[in-house]
Amino acid sequence: MDHSLSSDDLYRPDFPSLGLFSTWFGVVLIGLTAVLQADQANRGSTWADPLVEGVQFVLLALILASLFSLPFRAEQGVKWAALPLAINVFTLIIVQLVPFADLWETALFQMRLGHYEAVAALVESGELVPGESGLIYLEEPYRYLSTDNGRIVVQTEGDTTAIFFFNERNAPRNFSGYLYRSDNNPPQQGDFLGRWRYVDQIRPHWYFCISG
């Protein structure tokens, strides 16, 4: 029985150390980017921008190092030599193109949808009554649904009820948030004093709106 070894059996290249480091660094960077973007979407803060820029600079350095190392690892095969470069470029594409903040915002809305719908039902049933200016100050456990100190705004027209939950508010006409409309129609310019530059229906009766 022939137990002789071929040259391919004698030489099997190890996983490149630069590729291994790039893999772990990519996982950390993607996770960090997702968390920081979610934090910015949730709080509107930019404190982490220097940190994000710093780690992305390291990623660019890794891409250059992977590129320059190609000729030195070519004897191990093109696929193995190019692996670190492919990992780092793939990481760069993810952190630059994947909208982590939007994904987090969508997931957060879905998790809170039951409470949003409960408030809408309370308003439509008359258990929550707005003041003369259409304002309602939510109590616990619904207060967190509006970042404007738990304040929501209600407008009624005929049989149609519209409710706005603030996600961010910087000025009377510069704000964003979730709009509920019982008739399932999008908001019109001027509703809630809004100058709508972005309106997206995220599910029946519910819209994400930005005014500015």
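For the structure itself, look to the data block above.
Procedures and definitions
Residues numbered from 1 in each chain as written. Predicted model: local features only at pLDDT ≥ 70, side-chain atom pairs only at ≥ 80, totals over all residues. Heavy atoms only, no water. Core = buried A, V, L, I, M, F, W, Y, C linked by side-chain atoms within 4.5 Å. Buried < 20%, exposed > 50% of the residue type's maximum accessible area, 1.4 Å probe, protein only. Helix = DSSP H or I, 4+ residues; strand = E, 2+ residues; numbered from the N terminus. Contact = heavy atoms within 4.5 Å. Pairing = 2+ DSSP bridges. Axes fitted to C-alpha atoms, helices over the stretch in contact; angles between N-to-C directions. 1 Å grid on protein atoms, 1.4 Å probe; cavity = no way out; pocket = protein on both sides within 12 Å on 5 of 7 lines; lining within 4 Å. Points joined across faces, edges and corners; volume = space filled by probe spheres on them. Nonpolar A, V, L, I, M, F, W, Y, C, P; charged D, E, K, R; others polar.

1. Notes on the nonpolar core
Val119, Leu138, Ile163, Phe165 and Trp206 are the most contacted members of the largest nonpolar core, which has 19 residues in total. For this core, the secondary structure elements donating two or more residues are helix H5 (100-125), strand S2 (151-157), strand S3 (160-171), strand S4 (174-181) and strand S6 (206-211). With near-sequence residues (within four places) excluded, Leu138 lies in contact with Val119, Leu128, Arg143, Leu145, Gly150, Ile152 and Phe165.

2. Section: unusual backbone geometry
A cis amide bond links Glu140 to the next residue, Pro141, at an omega of 5°. With respect to the secondary-structure elements, Pro141 resides in the loop between strand S1 (135-137) and S2. Phi is positive for Asn149, close to 55°, though the residue is something other than glycine. Positionally, Asn149 belongs in the loop between S1 and S2. On the accessibility criterion, Asn149 (53% relative accessible area) is exposed. Not every positive phi belongs to a glycine, and Asn184 is a case in point at roughly 70°. Summarising the element assignment, Asn184 is placed in the loop between S4 and strand S5 (196-203).

3. A short note on the sheet that holds S2
Reading across the sheet, the six strands line up as S1-S2-S3-S4-S6-S5 and stay open at both edges, with antiparallel pairing between neighbours. On the outer flanks of this sheet lie S1 and S5, each paired with one strand and no other. Shown here is a sheet whose adjacent strand axes are inclined to one another by a mean of 25°, direction ignored. Across six bridges, S5 lies against S6 in antiparallel orientation. Considered in S6, the bridge of Gln201 is made with Tyr207. Helix-sheet contacts for H5 involve S1, S2, S3, S4, S5 and S6, and the interaxial angle to S3 is about 135°.

4. Section: the environment of Leu59
Position of Leu59 among the secondary structure elements: in helix H3 (residues 49-73). A C-alpha to C-alpha distance of 8.6 Å links Leu59 and Leu29, two positions 30 residues apart in sequence. Apart from the residues lying within four places of it in its own chain, the contact partners of Leu59 are Phe25, Leu29, Asn88, Thr91, Leu92 and Val95.

5. What about the layout of surface pockets?
In this structure, the largest pocket spans a volume of roughly 430 Å³. Together, 23 residues line the largest pocket, and Asp102, Glu105, Asn167, Phe208 and Ile210 are the ones closest to its centre. Looking at the lining of the largest pocket, the elements that each hand over two or more residues are helix H2 (17-43), H5, S3, S4, S5 and S6. For the lining of the largest pocket, a count of residues per class yields nine nonpolar, eight polar and six charged.

Treat this as a map of the structure, not an account of what it does.
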